[in-house]
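# Structure at a glance
Here's the letter readout for the chains.
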Amino acid sequence: MTEMRVAIAGLGTVGTGLLGIFAGDGADRAPRPLRVTAVSARNRSRDRGVDISDYEWFDDPVAMAADDSSDVFVELIGGEDGVAKAAVEAALKSGKHVVTANKALICRHGLALAQLAEEHGVALRYEAAVAGGVPVVRGLRDGLAQAQVFGVMGVLNGTCNFILSQMDETGASFDDALLEAQKLGYAEADPSFDIGGVDAAHKLVVLTALAFDAMPQLEDVDLTGIEAVSTDDIAAADELGLTVKLVAEAARHGDALALRVGPALVPSREHLAQISGSDNIVIAEAMPVGRVAFTGPGAGGGATATAVAADLVTIARGSTGPVFSVPAAKINAEPRVTAEDTHDPYFLRLQVKDQPGVLARVTNALGEANVSVDTIHQAPAQMPSDPASDEPVEIVITTHLVPRPVIRPLIDTLSGLHAVIGRPSMFPILTEEDPS
Ligand code: HSE
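Read on for a plain summary of the structure. Owing to the predicted nature of the structure, the values given are computational and were not obtained by experimental measurement.

Turning next to the packing of aromatic side chains. Counted under the stated rule, the structure contains 3 aromatic pairs. Judged by centre distance (5.7 Å) and plane angle (50°), the ring pair of tyrosine 126 and phenylalanine 324 falls under tilted. Of this pair, tyrosine 126 sits in the loop between strand 6 (124-125) and helix 5 (136-143) while phenylalanine 324 sits in the loop between helix 12 (301-316) and strand 13 (336-337); the two residues are 198 residues apart in sequence, bridging distant segments of the chain. Of the residues examined, tyrosine 126 reaches a relative accessible area of 1% and is grouped as buried. The buried category is assigned to phenylalanine 324, whose relative accessible area is 1%. Judged by centre distance (5.5 Å) and plane angle (70°), the rings of phenylalanine 162 and tyrosine 186 are edge-to-face. Here the residue phenylalanine 162 occupies a position in helix 6 (residues 158-170), and tyrosine 186 occupies one in the loop between helix 7 (174-183) and helix 8 (192-195), the gap between them amounting to 24 residues. Take phenylalanine 162 and tyrosine 186: they sit in the same class, and that class is buried.

Given below as structure tokens:
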């Protein structure tokens, strides 16, 4: 039986994990033998704990992609442009199937690459690009192929989830938790992509293409990272039975999409809140199936390599199919994106001067923005009997539904009040029962 020859570009955490699977760490369910024939990486001599002497070595991954020593090209280099894109294009143009873990590449160039793959009659698979080892790409493309999806929401960045879980469970500082995530191999080469929410936004764009047959731009995502989340925010949310998560959500409103990535509070009893460490979850709301959840390890070498290996097996089985859920020509390349019809309750945490009339000024600002208070709580002052004390006090407010475009101007107004110290914390309160 003809073997399928595999070339791997990029031998970092995932590439090394993939070689481990080929060396026997995984099952062997491919209908024909898979064999690694060639590899390429930045540094040939680095000790990776795996022997690469049996494989043909290429200094140039683009040359390897076009070389006829392989049938499938695996791109694990990363980055939305540069050598990763050039190599994937070279492979597709030379009639090779491509497997990639590169969410930035699929987010930015997925549609053009899908057209290229279709022109050349080859597969472009990227299960590892979203949620690491969780089979959510095939879940949406194949499992929900005939379902009408209204919304997807999820926790899509293992590094952020690990950091927030560590801060919550162990009281670790943000910096220490990030260092630990980097040591464990969860973080991107540039961890600002993780903590700034860009990594989750790349993945959300890919999920949007699969769920809604529409390819927005990364810039269409309303994006906030977790840099400003404090242990005080986490503790105050906890008091209300809420947990801070970096949540990504895409919803269809008529002919428009609303796309957001940012820290949000979710009821601590819900699945979304219970995703801890580097795990990910994606929840899709679809008709007629209802709510479907995909969850598991979202980062790390072994988990991500499992998804890459599964794509190789799918190709070996002869299954190509569309790159997204429909052929590239049927994907809306310029979807309308707006948050106007999106409403959420919000959590606000303010530090204010402990003086007469302050609460009135705060609630007045909310009233003028037409924002209705649901609950309000002021922590007791340290020294209530001392009118000269300038110790700030904390006020935590939850609101009824607020239209998304109203909330940032409201926070600007509150920040500008003389009695308010610093910028208030603001988080939407989301529930998995309403991913739209
Ligand atoms: N840096 C990513 C994360 C790895 O933390 O989730 C998987 O994409």
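Time to look at the pattern of salt bridges. Where charged atoms from two side chains of opposite charge come close, those side chains can pair. Applying the stated criterion across every chain, the model contains 21 salt bridges. A salt bridge links glutamate 89 to lysine 85; the nearest nitrogen and oxygen atoms lie 3.3 Å apart. In this pair, glutamate 89 and lysine 85 both sit in helix 3 (residues 82-93), 4 residues apart, roughly one turn of the helix. Judged by its relative accessible area of 22%, lysine 85 falls in the partly exposed class. With its nearest N and O atoms 3.4 Å apart, the salt bridge here joins arginine 141 to aspartate 142. The buried category is assigned to arginine 141, whose relative accessible area is 5%. Among the residues examined, aspartate 142 registers a relative accessible area of 47% and is labelled partly exposed. Salt bridges here are not isolated pairs; linked through shared partners, they connect Lys103, Glu188, Asp199 and Lys203.

The rules behind these values
The residue count restarts for each chain, going from 1 along the sequence in the order it is written. Thresholds applied to this predicted model are a pLDDT of at least 70 for local features of residues and 80 or more for the giving and counting of side-chain atom pairs; totals over whole chains, interfaces and linings are not thresholded and use all residues. As a rule here, side-chain values come from all non-hydrogen atoms in the structure, and water together with hydrogens is ignored. Any Phe, Tyr or Trp ring, taking Trp's six-membered ring, that has another such ring centre within 6.5 Å forms a pair; planes under 30 degrees apart are called stacked, those over 60 apart edge-to-face, and the others tilted. By the criteria applied, helices consist of DSSP H or I runs no shorter than four residues and strands consist of E runs no shorter than two, each listed in order from the N terminus. Any residue under 20% of the maximum accessible area for its type is buried, any over 50% is exposed, and the rest in between are partly exposed; the area is computed with a 1.4 Å probe on protein chains only. The salt bridge definition used is simple: a Lys or Arg side-chain nitrogen within 4 Å of an Asp or Glu carboxyl oxygen.

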